[in-house]
Amino acid sequence: MSTPRIEVHDDDRALATAVAGELLTRLVDAQAAGRVPHVALTGGTIAEVVHGEIARLAASSEVDWTRVELWWGDERFVEPGSPDRNAGQARAAFLDVVGVPAEHVHEVPTTAECGTVEEAATAYAEALRAHGGGGFEVVMLGLGPDAHIASLFPGHPALDTIDALTVAVRDSPKPPPERVSLTFEALAANRALWFLVSGEGKAEAVARALAGRTGAGGEVADVHDVPAVGVTGGEETIWFLDRASASQL
Ligand SMILES: O=C(O)[C@H](O)[C@@H](O)[C@H](O)[C@H](O)COP(=O)(O)O
């Protein structure tokens, strides 16, 4: 288990700039080492700012975008064109801008391709297995105010999914209700795990997750209450925070 590194930035924009710069560096380093890096993107508000910064900084980076594979840690099971799709925002702000080849962008199927969220979860797991079963260079995760990560929510049965790379989530407390999420097992297959968290509304969740992980309060938070403690970085865990989200540390 890697001890988390905590970075506190002035605001969401500074946080996003730091994440973007760090990601571009990791991609260049991975490619220089002969790897084709796989990255798991997140949804959520801060991701939108991060994607814009990646696209902005990419122009002056040495990343070969034809040698990067993009995935999502979770996705909403909705129509292709829905504004609720994490992939739609990422394509518009980042992937289409830097020119990642279509075959390297691995979207979770939509309601147009699969009849049920279970079918979509199965198809996404098959796509992951066809590409080595995960093994992400970087997994990026947002954090909910309830300390959920991806679409793994406190008290939800999806938390107990084992021996699977994906899980179909119904009755998500965060709309829309149907989602596909990577499981803890799939999320854990990473070199680096980055939490991207901005805003006062997340401060308690950050404190609970980090207390649970470091055992600062003596107790170890239960993953069913604090899903964010359910995964750590293989070689590195970084919490990219802003002053507001770090305000209870
Ligand atoms: O698809 C999703 O909804 C996300 O992946 C989810 O895990 C998100 O990252 C957090 O809920 C934070 O979202 P906000 O930054 O919008 O609060």
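Just above, that's the structure.
Residues numbered from 1 in each chain as written. Predicted model: local features only at pLDDT ≥ 70, side-chain atom pairs only at ≥ 80, totals over all residues. Heavy atoms only, no water.

**Q** I'm lost on the sheet that holds strand S6 (residues 166-169) in this one. Help?
**A** Note: strands within a sheet are paired through backbone hydrogen bonds, in either parallel or antiparallel orientation. Reading across the sheet, the three strands line up as S4-S7-S6 and stay open at both edges, with antiparallel pairing between neighbours. In this open sheet, the two strands that pair with only one neighbour each are strand S4 (74-76) and S6. Taking the axes of each pair of neighbouring strands and ignoring which way they run, one obtains an average angle of 15° across the sheet. Summarising the sheet, S4 and strand S7 (residues 179-182) pair through three bridges and their orientation is antiparallel. Bridge pairing in S7 links Asp 74 to Ser 181. Across the sheet, helix H4 (residues 117-130) touches S6 and S7, and the angle it forms with S6 is around 165°. (Pairing = 2+ DSSP bridges. Helix = DSSP H or I, 4+ residues; strand = E, 2+ residues; numbered from the N terminus. Axes fitted to C-alpha atoms, helices over the stretch in contact; angles between N-to-C directions. Contact = heavy atoms within 4.5 Å.)

**Q** How should the side chain of Glu 7 be read in this particular structure?
**A** Counting through the fold element by element, Glu 7 comes out in strand S1 (residues 5-9). By relative accessible area, Glu 7 is classed as buried at 16%. Within polar-contact distance, the side chain of Glu 7 engages the side chain of Arg 5 at 2.4 Å. Contact partners of Glu 7, with chain neighbours within four places excluded, come to Ala 18, Glu 22, Ile 238, Trp 239, Phe 240 and Leu 241. (Buried < 20%, exposed > 50% of the residue type's maximum accessible area, 1.4 Å probe, protein only. Polar contact = N/O pair within 3.5 Å; in protein donor to acceptor, adjacent residues only side chain to side chain.)

**Q** Is there a simple way to think about the sheet that holds S1 in this case?
**A** Taken in spatial order, the six strands line up as S1-S9-S8-S5-S2-S3 in an open sheet, and their pairing is parallel. The sheet is open, and its two borders are formed by S1 and strand S3 (69-72), each paired with just one other strand. The mean inter-strand angle of the sheet, taken between neighbouring strand axes irrespective of direction, is 20°. The sheet contact formed by strand S2 (residues 38-41) and strand S5 (residues 136-141) spans two bridges and is parallel. Across the sheet, the residue bridging to Val 39 is Val 138, located in S5.

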